[in-house]
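# Examining the three-dimensional arrangement
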Amino acid sequence: MFIEKLSLAGRSAIVVGGGGGGIGTNCAMALAEAGASVVVADIDEARANDAVAQIRDGGGNARAFVGDVRDGGAVRRLVEQANAAFGRLDVLVNVVGGTRDESWADALDFDSQVWDDDLTLNLKYAFLTCQAAAQVMAKQDHGGSIVNISSASGMRAATRHIAYGAAKAGIMSMTRTMAVEWGQYGIRVNSVAPGAIRTPKTSPNMQEGAIGYLEEIVPLGRPGRPEDIAQVVLFLASDLAEYVTSQVIAVDGGVMATYPLGRSRRLSG
Ligand SMILES: NC(=O)c1ccc[n+]([C@@H]2O[C@H](COP(=O)([O-])OP(=O)(O)OC[C@H]3O[C@@H](n4cnc5c(N)ncnc54)[C@H](O)[C@@H]3O)[C@@H](O)[C@H]2O)c1
């Protein structure tokens, strides 16, 4: 009764930013393992194809879509192709996002063009994909599930990366608004806020010192893994979460609850 609700057999999913071997690829693999037919959408063709090959190697069903989801035309093509290929659209996971070197600056000096670019890459595209997917889901008799990846940086001060933090906070607000407006169509909208996750992109920047620091301050004693995020996304995508909408779930090993002391420092008392 309970475990079968985890199954996505016969359903279809789009993972936006599903390449790269990190959070997106793990989300796509998890959804495929649960039985969904998955469209891996990525701006980078090789990354999209790698993820599709991994899923097929594991016995799953996947196809690639190559495009830049900052462009509304590409988003419409993505949703149309997924719907045409599988005849339905059940799950959308928005993973695209991140910072660039220019994204790291004090608010006093933050460049307004970088602000626009960071907001587009981390927030506006997700509005476009959610809207396009929901227009399909709203016409189905079975609704759908949308999961937007936000960040711990949207839940607290995003020191020296103000635009990224504002965009990720925007993802959370957008998620709640869409959940309320689209509940009538059976569309659930939730967000997962990762803490520090070791992915192929972030690992080079996580030096030994940083990992040791995370092991010290994270209550569960380690940085996150991409599969930690994918597992929660799978739950939210599935019928196990059929009465869960508008939520932001932090998947951070508990670190935000410790702020500012970490897990082991005792300052007084
Ligand atoms: N890794 C972390 O520690 C961490 C922490 C908090 C939040 N997050 C969030 O998790 C998400 C994934 O992080 P990751 O480290 O796995 O990222 P990643 O960079 O490894 O993966 C993102 C994928 O999106 C693709 N992409 C980028 N721009 C695109 C575009 N315009 N159109 C289509 N595809 C595009 C990239 O090619 C890449 O394959 C991001 O939203 C990030 O902000 C990550």
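Here we summarise the structure given alongside this text.

The rules we used
- Residues numbered from 1 in each chain as written.
- Predicted model: local features only at pLDDT ≥ 70, side-chain atom pairs only at ≥ 80, totals over all residues.
- Helix = DSSP H or I, 4+ residues; strand = E, 2+ residues; numbered from the N terminus.
- Rg over C-alpha atoms; globule rule 2.2 N^0.38 Å.
- Buried ≥ 20, exposed ≤ 12 C-beta atoms within 10 Å, placed from the backbone.
- Axes fitted to C-alpha atoms, helices over the stretch in contact; angles between N-to-C directions.
- Parallel < 35°, antiparallel > 145°, perpendicular 65-115°, else oblique.
- Left-handed = near helix turned anticlockwise from the far one by under 90°.
- Contact = placed C-beta atoms within 7 Å.
- Nonpolar A, V, L, I, M, F, W, Y, C, P; charged D, E, K, R; others polar.
- Near = placed C-beta within 6 Å.
- Pairing = 2+ DSSP bridges.
- Right-handed = clockwise from strand over helix to strand, strands pointing away.
- Core = buried A, V, L, I, M, F, W, Y, C linked by C-beta atoms within 7 Å.

### What to know about the overall build of the chain
Helix and strand counts for the chain come out as 8 helices and 7 strands. A compact globule built from 269 residues would reach a C-alpha radius of gyration of about 18 Å, and the chain, at 18 Å, matches this within 12%. Seen along its three principal axes, the alpha-carbon backbone of the chain occupies a region of about 60 × 45 × 40 Å. Looking at the chain as a whole, 47% of its 269 residues qualify as buried.

### Digging into the packing of helix α1 (residues 23–33) against helix α7 (residues 226–237)
Put simply, α1 and α7 touch, their axes get as near as 8 Å, and they point 45° apart. With respect to α7, the axis of α1 lies oblique. Note that α1 runs across α7; the crossing there is right-handed. For the pair α1 and α7, contact is made by Ile-23, Asn-26, Cys-27, Met-29, Ala-30 and Leu-31 and by Pro-226, Glu-227, Ile-229, Ala-230, Gln-231, Val-233, Leu-234 and Ala-237, respectively. Considering only residue class, the contact of α1 with α7 consists of 11 nonpolar, 2 polar and 1 charged.

### Considering the site of the ligand
In the vicinity of the ligand lie 26 residues, with Gly-17, Gly-20, Gly-22, Gly-97 and Ser-151 positioned nearest. Broken down by class, the residue content of the shell around the ligand amounts to 10 nonpolar, 10 polar and 6 charged.

### Observations regarding the packing of helix α4 (residues 112–137) against helix α5 (residues 162–182)
Close contact between α4 and α5 brings their axes to 9 Å; oriented N to C, the two are set at 20°. Between α4 and α5, the angle is such that the two are roughly parallel. Seen along the crossing, α4 lies across α5 with a hand that is right-handed. Touching Val-114, Trp-115, Asp-118, Leu-119, Asn-122, Leu-123, Ala-126, Phe-127, Cys-130 and Ala-134 of α4 are Ala-163, Tyr-164, Ala-167, Lys-168, Gly-170, Ile-171, Met-174, Met-178 and Trp-182, all from α5.

### Here we look at unusual backbone geometry
With phi around 65°, Arg-160 is a residue other than glycine that occupies positive phi space. Looking at the element boundaries, Arg-160 is found in the loop between β5 (144–149) and α5. Given 14 C-beta atoms within a 10 Å radius, Arg-160 is considered partly exposed.

### Section: the pairing of strand β4 (residues 91–94)
Alternating positions in β4 separate into two faces, Val-91 and Val-93 on one and Leu-92 and Asn-94 on the other, with burial throughout. Two strands pair when backbone bridges link them, and strand β1 (residues 12–16) and β4 are joined in this way by 4 bridges, in the parallel orientation. Paired with Val-16 across the bridge in β4 is Asn-94. As paired strands, β4 and β5 are joined by 4 bridges and run parallel to one another. Along β5, the bridge assignment pairs Leu-92 with Ile-146. Handedness of the β4-α4-β5 crossover: right-handed.

### Things to note about the nonpolar core
Counting 77 residues, the largest nonpolar core has Val-15, Ala-28, Leu-31, Val-38, Val-40 and Val-233 as its most contacted members. What Val-38 contacts, discounting residues up to four positions off in sequence, is Ala-13, Val-15, Ala-28, Leu-31, Ala-32, Ile-55, Gly-60, Asn-61 and Ala-62.

### Quick word on the environment of Gly-170
By the element assignment, Gly-170 lies in helix α5. A residue is classified by how many C-beta atoms lie within 10 Å of it, and Gly-170, with 18 of them, is partly exposed.

### Regarding the sheet that holds strand β7 (residues 248–251)
Strand order in the open sheet formed by 7 strands is β3-β2-β1-β4-β5-β6-β7, and the pairing between neighbours is parallel. Strand pairing shows two members of the sheet lacking a second neighbour, β3 (61–66) and β7, which therefore form its edges. Sheet twist, expressed as the mean angle between neighbouring strand axes with direction ignored, is 20°. In the sheet, β5 pairs with strand β6 (residues 187–194) via 6 bridges, with the strands oriented parallel.

### Here we look at α1
Of all 11 residues that make up α1, 10 are buried, and the element is covered over most of its length. Within α1 the residues assigned to the buried category are Ile-23, Gly-24, Thr-25, Asn-26, Cys-27, Ala-28, Met-29, Ala-30, Leu-31 and Ala-32. Gly-35 sits one or two positions beyond α1 and adopts a positive phi of about 115°.

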